[in-house]
Amino acid sequence: MLIAVNCYVFDCLKLCHTNSYLELLCTENLRGMLGQRTCALLGSLPSALSDGSAQIGMFQHLFPCMIQRRQGRGIPAGNPNSEFMTLLSVFTGECKKCRHCKSEESNMCDLLRINTDRGVMLNDGKSRFSIKGKPIYHFVGTSTFSEYTVLHVGCVAKINPAAPLDKVCVLTCGISTGLGATLNVAKPTKGSTVAVFGLGAVGLAAAEGARIAGASRIIGVDLNSNRFHEALKFGFTEFVNPKDHDKPVQEVIAEMTGGGVDRSIECTGNINAMISAFECVHDGWGVVVLVGVPNKDDAFKTHPVNFLNEKTLKGTFFGNYKPRSDLPSVVEMYLNKELELEKFITHEVPFSEINKAFEYMLKGESIRCIIRMET
């Protein structure tokens, strides 16, 4: 089932590290990791930008759009009198038919989970983009550095049309990942203590989840102390820079909290941070959730007695949110003023200045940068 998407000038998208990561892989010619199709897309997208393919060739996959019903083919049933639907497009999907989609415990759809190598539509194996007769392949199923795109119906979530698109667009990747890691997986109780490793956008979203859950102490752990002041607005109560101590940070946190925190969320992808996040939780009930993506050669090493002492290790993908079923409720959290999104948005640029957005991100100057499509 397909949906034809018409993106109007008031639509917007936001930049995330996925773009920069795939840019690096392709510019270093690591095509075997992504596949020729993805790299072909990265290198051939027509754009108003002046830099090379590393800057102009990345379709961002996360932004909201208005769907014009009369132009859609196979649009799922909704209000028959409605001409438009307000949707979020998501890099991972929900077919609602596979075992994962039918399970209340998983969001890893067999059909539509993230795939960096496919580059084509599922029903006919063809791309919907071309330039001068040559195909341009899709980026993780959405390809939204474009005014028009075509998506599988399972990769769009229908949301409340009252939601401001230049705010809720940040919910389609890292913010939901961090938020859900806390609320859906770690599940801290009111008054509990939570440690968050890594104070980038995902870590800040994890802290936002802890704030919403009513945690009494939220401890931020990061090697960059310059991040601490800005992080206060996300609910953090105290901070630890491992470089300021002559002992492992897990020991520092255990001393601060009388034996360890109740919940720990790791958002860096650094294997040492993962181990520290696990070992800093309290025995008997402590839970750590791994969010960051490690290097493929990394190995998680800890003493088995940590498990015997009833510490729990979990992982998550997209915060365990099912895109179609769960994202609408996250949007409602924002509309009901339970979830604060404005503080994540630090910059905004027109699409013609997308290179600035990359610069802000790579220099660590932004949390999330909104990119507005132009007329």
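Residues numbered from 1 in each chain as written. Predicted model: local features only at pLDDT ≥ 70, side-chain atom pairs only at ≥ 80, totals over all residues. Heavy atoms only, no water.

Caption draft 1: Summary view of the overall build of the protein. Of regular secondary structure, the protein possesses 14 helices and 16 strands. A burial count over the protein gives 53% of its 375 residues as buried. Residue pairs at least 24 apart in sequence account for 68% of intrachain contacts in the protein once pairs closer than 6 positions are excluded. Carbon and sulfur atoms make up 50% of the accessible area of the protein, which amounts to about 16700 Å² in all. (Helix = DSSP H or I, 4+ residues; strand = E, 2+ residues; numbered from the N terminus. Buried < 20%, exposed > 50% of the residue type's maximum accessible area, 1.4 Å probe, protein only. Contact = heavy atoms within 4.5 Å. Areas by Shrake-Rupley, 256 points an atom, 1.4 Å probe, with all protein chains shown as cover.)

Caption draft 2: View of the pairing of strand 12 (residues 263–266). What you see with strand 12 is no split at all: Arg-263 and Ile-265 on one side and Ser-264 and Glu-266 on the other are buried throughout. In terms of strand pairing, strand 9 (residues 193–197) meets strand 12 through four bridges, oriented parallel. Bridge pairing links Ala-195 to Ser-264 in strand 12. In terms of strand pairing, strand 12 meets strand 13 (residues 287–290) through four bridges, oriented parallel. Looking at strand 13, one finds that Ile-265 is bridged to Val-289. (Pairing = 2+ DSSP bridges.)

Caption draft 3: The pattern of salt bridges, seen in detail. For the coordinates displayed, the defined rule picks out 15 salt bridges. Among the salt bridges present, the one from Asp-110 reaches Arg-113, with a minimum N-O distance of 3.6 Å. In this structure Asp-110 comes out as partly exposed when scored by relative accessible area, which is 45%. With its nearest N and O atoms 3.6 Å apart, the salt bridge here joins Asp-297 to Lys-296. As far as burial versus exposure is concerned, Asp-297 and Lys-296 are alike and both exposed. (Salt bridge = Lys/Arg side-chain N within 4 Å of Asp/Glu carboxyl O.)

Caption draft 4: View of the nonpolar core. Counting 53 residues, the largest nonpolar core has Val-168, Phe-236, Ile-265 and Leu-341 as the members making the most contacts within it. Put simply, the parts of the chain that give this core at least two residues each are helix 6 (165–168), helix 7 (174–186), strand 9, helix 8 (201–213), helix 9 (228–231), strand 13 and helix 13 (323–335). In terms of residue count, the dominant contributor to this core is helix 8 (seven residues). Membership of the second largest hydrophobic core comes to 19 residues, among which are Ala-195, Ile-271, Met-274 and Leu-290. (Core = buried A, V, L, I, M, F, W, Y, C linked by side-chain atoms within 4.5 Å.)

Caption draft 5: Local environment of the packing of aromatic side chains. Counted by the stated rule, this structure contains seven aromatic pairs. Relative to Phe-239, the ring of Phe-228 has its centre 4.6 Å away and its plane inclined at 10°; by these criteria the two rings are stacked. Here Phe-228, found in helix 9, pairs with Phe-239, found in strand 11 (residues 238–240); they are eleven residues apart in sequence, far enough to count as distant. Using a relative accessible area of 23% as the deciding quantity, one classes Phe-239 as partly exposed. (Phe/Tyr/Trp six-rings, centres within 6.5 Å; stacked < 30°, edge-to-face > 60°.)

Caption draft 6: Expanded view of empty space enclosed by the protein. Evaluated as defined, the whole model comprises two cavities of 30 Å³ or more. Taken as a whole, the largest cavity spans an internal volume of roughly 170 Å³. Looking at the largest cavity, it is lined by 15 residues, and the ones nearest its centre are Arg-118, Val-120, Leu-122, Val-140 and Gly-141. (1 Å grid on protein atoms, 1.4 Å probe; cavity = no way out; pocket = protein on both sides within 12 Å on 5 of 7 lines; lining within 4 Å. Points joined across faces, edges and corners; volume = space filled by probe spheres on them.)

Caption draft 7: Examining the side chain of Asn-241 more closely. Note that Asn-241 resides in the loop between strand 11 and helix 10 (249–257). On the basis of relative accessible area, Asn-241 is assigned to the buried category, the value being 5%. Polar side-chain contacts of Asn-241 include one of 2.9 Å to the backbone nitrogen of Lys-243. Excluding its chain neighbours within four sequence positions, the residues that come into contact with Asn-241 are Asp-222, Leu-223, Asn-224, Ser-225 and Phe-228. (Polar contact = N/O pair within 3.5 Å; in protein donor to acceptor, adjacent residues only side chain to side chain.)

Take it as geometry only, folks, not as evidence of what the structure does.
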